[in-house]
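Overview (structure and organization)
Each chain, letter by letter, is given below.
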Amino acid sequence: MELFAVPDLPEVREGDDLAALIRDRVDLRPDDVVCVASTVVSKAEGRAADLDEFPPGPRAREIAARLSDISGDEKDPRFAQAVLEESTEVIMEAPFLLTETRFGHVGVNAGIDRSNVPGHDLLLLPKRPSESAARIREGLPADRVLVTDTCGRPFRHGQRGVAVGWAGMAPARDWRGEGDRDGRELGVTVENVADELAAAANLVAGEGDDGTPVVVVRGFEWGDHGESDAHFRDVDGDLIRQAVRGWSFDA
Ligand code: GDP
Ligand code: MN
Ligand code: MN
């Protein structure tokens, strides 16, 4: 398997046809997986925004005041309002805002970015990244598209790429029922291939001013394994979320 960045992509603007920008710069093959940073999907979809568009309600003011107290930095209640509007559930309010976005992804600040957004204060995640992935895929000779974001994770320092949207592939490879080297049957392993490929692509894309938001994964083979649609956990089976829901930060 090989990964390479699509060269010479311009600054992406609202209304740009990402598939056209990509296909003009690289000869894709049907079995390529094209990984697109959510940043540029959001820019193309007009998801850049300004803080003034989010007049804060009481909850946002309360959250921002508390976060300001905890951090000692003034936090903008309009930013908290933007996060609330992008979210269906606030999982943690402090010492940072952890929410579930409208499309099921759980992340700090609903994945709203404040870097790599020229001319605006904020960049919201795409509304429905899997639909974005499907639209991009329609314009490409490649069968599989992922939309990625850089995201932190519990229990570990640092961030890495995750898949927030996918098209043309199932997100996970189901190993259940297959054997290990001793003939033991695997009972639980459902491998999140979308996240694994997104992490590798994110590694190539970089985080700063590299200008390489699209990475092609060439030669990845699914193999003779089952598929699973499992990606974002449902609240019901999400024991960690349930535990965190009942917890509150006090400081
Ligand atoms: P995120 O992980 O989706 O939040 O995106 P990042 O802000 O980490 O950017 C990922 C990569 O895309 C980095 O290499 C950025 O320099 C690059 N990038 C961001 N926006 C643009 C753009 O409009 N055009 C180009 N060519 N690169 C961009
Ligand atoms: Mn991001
Ligand atoms: Mn990133």
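The rules behind these values
- Residues numbered from 1 in each chain as written.
- Chains lettered and ligands numbered in written order.
- Predicted model: local features only at pLDDT ≥ 70, side-chain atom pairs only at ≥ 80, totals over all residues.
- Heavy atoms only, no water.
- Donors = N, O, S within 2.8 Å, 3.2 Å for Na, K, Ca; no water.
- Helix = DSSP H or I, 4+ residues; strand = E, 2+ residues; numbered from the N terminus.
- Buried < 20%, exposed > 50% of the residue type's maximum accessible area, 1.4 Å probe, protein only.
- Core = buried A, V, L, I, M, F, W, Y, C linked by side-chain atoms within 4.5 Å.
- Contact = heavy atoms within 4.5 Å.
- Domains from an automatic or database assignment.
- Buried area = accessible area lost by both parts, 1.4 Å probe.
- Salt bridge = Lys/Arg side-chain N within 4 Å of Asp/Glu carboxyl O.
- Polar contact = N/O pair within 3.5 Å; in protein donor to acceptor, adjacent residues only side chain to side chain.
- Nonpolar A, V, L, I, M, F, W, Y, C, P; charged D, E, K, R; others polar.
- Pairing = 2+ DSSP bridges.
- Axes fitted to C-alpha atoms, helices over the stretch in contact; angles between N-to-C directions.

Focus on the coordination of the manganese ion (ligand 3)
Within the first shell, the manganese ion (ligand 3) binds the protein through Thr 150 (OG1) and Glu 207 (OE), at distances of 2.1 Å. Separating the manganese ion (ligand 3) from the manganese ion (ligand 2) is a gap of 5.1 Å. Placement of Thr 150 in strand 8 (residues 144-152) and of Glu 207 in the loop between helix 6 (193-205) and strand 12 (214-218) is noted, with a sequence separation of 57 residues between them. Look at Thr 150 and you get partly exposed, because its relative accessible area is 26%. For Glu 207, a relative accessible area of 47% translates into the label partly exposed.

Quick word on the nonpolar core
Core analysis: the largest hydrophobic core is formed by 28 residues, its most contacted members being Leu 18, Ile 22, Leu 28, Val 34, Val 36, Ile 136 and Leu 140. Sorting the residues of this core by element identifies helix 1 (18-23), strand 2 (33-37), helix 2 (38-44), helix 5 (129-138), strand 8, strand 9 (159-167) and strand 12 as the ones contributing at least two each. When residues of this core are assigned to their parent elements, the largest contribution, 4 residues, is made by helix 1. If we ignore the near neighbours within four places in the chain, the residues touching Val 34 are Ile 22, Leu 28, Leu 140, Ala 142, Arg 144, Val 145, Leu 146, Val 214 and Val 215. If you look at the next biggest cluster of nonpolar residues, it comprises 18 residues, including Leu 51, Leu 97, Ala 110 and Leu 122.

Overview of the domain arrangement of the protein
On domain assignment, one finds that the protein holds domain 1 (1-47 + 128-232) and domain 2 (48-125). One C-alpha centre belongs to domain 1, the other to domain 2; they are set 26 Å apart. Contacts between the two partners involve 15 residues from domain 1 and, on the opposite side, 15 residues from domain 2. A buried area of about 1200 Å², summed over both sides, lies between domain 1 and domain 2, and 55% of it is on carbon and sulfur atoms. On inspection of domain 1 and its partner domain 2, the count reaches 1 salt bridge. For the salt bridge of Glu 86 with Arg 47, the shortest nitrogen-to-oxygen distance reads 2.7 Å. The tally of links from domain 1 across to domain 2 stands at 6 residue pairs in polar contact (both at pLDDT 80 or more). When contributions to the side of domain 1 that touches domain 2 are tallied by element, the ones reaching two or more residues are helix 2, strand 8 and strand 9. Top contributing element to the side of domain 1 that touches domain 2 by residue count: helix 2, with 4 residues. Across the side of domain 1 that touches domain 2, the residue classes break down as 5 nonpolar, 5 polar and 5 charged.

Observations regarding the environment of Leu 124
Examined against the element boundaries, Leu 124 turns out to sit in the loop between strand 7 (122-123) and helix 5. With a relative accessible area of 6%, Leu 124 lands in the buried category. Put simply, Leu 124 and Ala 48 are 76 residues apart on the chain and 6.3 Å apart in space, counted from C-alpha to C-alpha. Leave out the neighbours within four places in its chain, and Leu 124 touches Ser 42, Arg 47, Phe 54, Glu 86 and Ile 112.

Things to note about helix 4 (residues 77-85)
Along helix 4, the residues classified as buried are Phe 79, Ala 80, Gln 81, Ala 82, Val 83 and Leu 84. Where helix 4 is buried, its residues contact helix 3 (58-71), strand 4 (87-92), strand 5 (98-101) and strand 7.

Comments concerning the pairing of strand 9
Put simply, side chains in a regular strand alternate between the two faces of the sheet. With 7 of 9 residues buried, strand 9 lies mostly within the body of the structure. Sheet topology note: the strand 8/strand 9 ladder contains 8 bridges and is antiparallel. Within the sheet, the bridge partner assigned to Thr 150 lies in strand 9 and is Gly 161. Adjacent in sequence and paired antiparallel, strand 8 and strand 9 are bridged by 6 residues, among which Phe 155 carries a positive phi angle near 75°.

Focus: the sheet that holds strand 8
The pairing of strands in a sheet happens through backbone hydrogen bonds and is either parallel or antiparallel. Strand order in the open sheet formed by 5 strands is 1-12-2-8-9, with mixed pairing between adjacent strands. Only two strands of the sheet have a single partner each, and these edge strands are strand 1 (2-5) and strand 9. Between one strand and the next, the sheet's axes are offset by a mean angle of 30°, whatever the strand orientation. Helix 5 contacts strand 2, strand 8 and strand 9 of the sheet and is inclined by roughly 65° relative to strand 9. Of the strands in this sheet, strand 1, strand 2, strand 8, strand 9 and strand 12 touch helix 6, which is tilted by about 120° from strand 9.

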